[in-house]
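Survey of secondary and tertiary structure
So you can see what is in the structure, the chains are spelled out below.
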Amino acid sequence: MEEKKVLFSGMQPSGKPTLGNYLGAFKNWSSLQEEYNCIYCIVDLHAITVRQEPAMLRKYTKELLALYLATGLDSDKNTIYIQSNVTAHAELSWILNCYSYMGELSRMTQFKDKSQKQGNNIPTGLFNYPVLQAADILLYQTSVVPVGEDQRQHLELCRDIAIRFNNIYGDVFTVPEMYIPKIGAKVMGLQNPTKKMSKSDADNENNVIYLLDDLKVIYNKIKRSVTDSDNQIIYSDDKPGIKNLLNIYCGITKKTIEQAESDFKGMGYGAFKEAVAEVVVEEIKPIQARFNEILADKIFLENVIKDGAKKAEYMANKTLRKVKKKIGFIS
Ligand code: ATP
Ligand code: LTN
């Protein structure tokens, strides 16, 4: 039997996961687990590129793990683990820092956005963030990386680093392809639909749908979302609020935008928002129920963490040994 290709993705335990994380990541992750050898990481080393409170980091890490499982990932079929439990990530990241350039890292828009919020003391980790991300991916000889649109630039950089390294030392790394969903890859804020919905954006609670929000709160946030005044349900860049709601609706129902536009033809914004709110709530309801069950099962979670780290470590160390040998390190 032909071996399955490796798929790798990760999410930061940097806050409460959002509907953006769900549509850009989780929903696709669970649908890919049969086709690929999937590795899903909780990237806590990335989370500390901005300051985290230790008790909150622990809480968000456990919750994120329970959410990985509650959204449908099977811990027997996939490798699910915590990044800081596998030391190879930090090691390869250092090595790849020596093969990446100040210029290319300075061009990363995520760095530009996030460093603006840091005042005068910008952590170096924030600058090197994409290199650690490249190490995550390359350690597992990954073929496919499913991510939201915001990660396109980081993925391109990862490919460049892999190709550069391979050109010097021979075929060490698999050069990965990105997989970005057609719909739902960029969920925008409900109050500011020109900016990405983000879990670390705590400025306005009504802008963000958290997956673990009370269902009534979710419903009301959608009902109160910003639209425009011409009462036409059309997918257009001139109507960012409506465009975002149509994207959310189609991301969940898997309908095409054309289908949705025709379903809602002639309907007022009030009724449209109610329809969107309903599909969102129906989708999230069973996830929350499973999440609560899983989070309560401490022993199960501990076992998932332990087994995941063991499986990941084995694969990662294989690549790391090869890299060290190629470079000229003595073991
Ligand atoms: P932070 O705000 O801490 O940077 P984040 O929620 O933006 O976090 P991650 O946890 O790093 O992002 O992202 C995990 C996955 O969720 C990535 O694949 C990312 O592309 C996807 N994602 C994040 N926000 C959105 C969004 N608004 N729409 C679609 N996908 C998203
Ligand atoms: N930077 C990513 C999270 C991430 C990731 C990865 C995604 C870290 N390492 C490896 C895919 C593959 C983000 O989504 N903000």
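Residues numbered from 1 in each chain as written. Chains lettered and ligands numbered in written order. Predicted model: local features only at pLDDT ≥ 70, side-chain atom pairs only at ≥ 80, totals over all residues. Heavy atoms only, no water.

Along the chain, the regular secondary structure elements total 13 helices and five strands. Taken against the 2.2 N^0.38 rule, which gives 20 Å for 331 residues, the C-alpha radius of gyration of the chain at 21 Å falls within 12% of a compact globule. Put simply, the chain has 331 residues, and 50% of those count as buried. Expressed as a percentage of contacts within the chain between residues at least 6 apart in sequence, the contacts between residues at least 24 apart total 76%. (Helix = DSSP H or I, 4+ residues; strand = E, 2+ residues; numbered from the N terminus. Rg over C-alpha atoms; globule rule 2.2 N^0.38 Å. Buried < 20%, exposed > 50% of the residue type's maximum accessible area, 1.4 Å probe, protein only. Contact = heavy atoms within 4.5 Å.)

Lining the immediate surroundings of ligand 2 are 13 residues, of which His46, Tyr129, Gln133, Asp136 and Gln151 lie closest. In this structure, a nitrogen atom belonging to ligand 2 sits 3.0 Å away from a side-chain N or O atom of Gln151. Protein burial of ligand 2: of its 360 Å² of free accessible surface, 91% is covered by the chains. Taken together, the elements giving at least two residues each to the shell around ligand 2 come down to strand S1 (6-11) and helix H7 (124-139). With four residues, H7 is the single largest residue contributor to the shell around ligand 2. Across the shell around ligand 2, the residue classes tally to six nonpolar, six polar and one charged. (Near = heavy atom within 4 Å. Polar contact = N/O pair within 3.5 Å; in protein donor to acceptor, adjacent residues only side chain to side chain. Areas by Shrake-Rupley, 256 points an atom, 1.4 Å probe, with all protein chains shown as cover. Nonpolar A, V, L, I, M, F, W, Y, C, P; charged D, E, K, R; others polar.)

Around ligand 1 sit 22 residues in total, of which Lys114, Asp150, Lys196, Ser198 and Lys199 are the nearest. In this structure, an oxygen atom belonging to ligand 1 sits 2.7 Å away from a side-chain N or O atom of Ser14. One of the side-chain nitrogen or oxygen atoms of Asn21 is found 3.0 Å away from an oxygen atom of ligand 1. In isolation ligand 1 offers 610 Å² of accessible surface; the protein chains occlude 97% of this area. Elements supplying a minimum of two residues to the shell around ligand 1: S1 and helix H1 (19-32). Of the residues assigned to the shell around ligand 1, the class counts are six nonpolar, eleven polar and five charged.

Running from N to C, helix H4 (residues 88-97) and H7 cross one another at 120°; their axes reach a closest spacing of 8 Å. The pairing of H4 with H7 is recorded here as oblique in orientation. Viewed along their axes, H4 and H7 form a crossing whose handedness is right-handed. Between H4, through Ala88, His89, Leu92, Ser93, Leu96 and Asn97, and H7, the contact on the second element is made entirely by Asn128, Val131, Leu132, Ala134, Ala135, Asp136, Leu138 and Leu139. Residues of the contact of H4 with H7, tallied by class, amount to nine nonpolar, four polar and one charged. (Axes fitted to C-alpha atoms, helices over the stretch in contact; angles between N-to-C directions. Parallel < 35°, antiparallel > 145°, perpendicular 65-115°, else oblique. Left-handed = near helix turned anticlockwise from the far one by under 90°.)

With that settled, consider the side chain of His89. Positionally, His89 belongs in helix H4. Residue classification places His89 among the buried residues on the basis of a relative accessible area of 0%. With residues near it in sequence (within four places) discarded, His89 still touches Phe8, Leu45, Tyr81, Gln83, Leu132, Ala135, Asp136, Leu139 and Tyr140.

Moving on, we get to the pattern of salt bridges. Two side chains bearing opposite charge may form a pair once their charged atoms approach each other closely. Following the criterion strictly, the structure yields 16 salt bridges and no others. Ionic pairing is found between Lys77 and Glu34, a salt bridge with its closest N-O pair at 2.8 Å. Linking Lys77 in the loop between helix H3 (54-70) and strand S3 (79-82) with Glu34 in the loop between H1 and strand S2 (37-42), this pair joins segments that are 43 residues apart in sequence. The exposure class assigned to Lys77 is partly exposed, which follows from its relative accessible area of 44%. (Salt bridge = Lys/Arg side-chain N within 4 Å of Asp/Glu carboxyl O.)

For the rest of this paragraph, the subject is the nonpolar core. Counting residues in hydrophobic clusters, the biggest one holds 57 residues, and the most contacted among them are Leu19, Phe26, Tyr68, Ile222, Ile248 and Val280. No other element matches helix H12 (residues 269-296), which puts eleven residues into this core. When near neighbours in sequence (up to four residues on either side) are disregarded, Ile248 contacts Leu19, Leu23, Val187, Leu190, Val276 and Val280. Counting residues in hydrophobic clusters, the runner-up holds 38 residues, among them Val6, Ile39, Phe127 and Leu157. (Core = buried A, V, L, I, M, F, W, Y, C linked by side-chain atoms within 4.5 Å.)

Before going further, it helps to spend a moment on helix H13 (residues 298-327). If you check H13, its first and last C-alpha atoms are 42 Å apart, about what 30 residues at 1.5 Å a residue would give, namely 44 Å. Among the residues of H13, Leu301, Val304, Gly308, Ala309, Ala312, Ala316, Thr319, Leu320 and Val323 are the ones counted as buried. As for H13, its buried residues are in contact with H3, S3, H4, H7, helix H8 (152-169) and H12. Positive phi shows up at Gly328, right after H13, with a value of about 115°. (Expected span 1.5 Å × (residues − 1).)

Taken as a whole, the largest pocket holds about 1,000 Å³ of empty space. Residue lining of the largest pocket: 42 residues in total, with Gln12, Gln110, Asp150, Gln151 and Lys196 positioned closest to the centre. Secondary structure elements with two or more residues in the lining of the largest pocket: S1, H1, helix H6 (109-116), H7 and strand S4 (144-146). Looking at which element gives the most residues to the lining of the largest pocket, the answer is H1, with five residues. Here the lining of the largest pocket is composed, by residue class, of 14 nonpolar, 18 polar and ten charged. As a volume, the second largest pocket reaches approximately 320 Å³. Considering the residues around the second largest pocket, the lining is formed by 13 residues, among which Glu3, Val6, Tyr140, Gln141 and Met315 are closest to the centre. Here the lining of the second largest pocket takes four residues from H13, the largest share from any one element. (1 Å grid on protein atoms, 1.4 Å probe; cavity = no way out; pocket = protein on both sides within 12 Å on 5 of 7 lines; lining within 4 Å. Points joined across faces, edges and corners; volume = space filled by probe spheres on them.)

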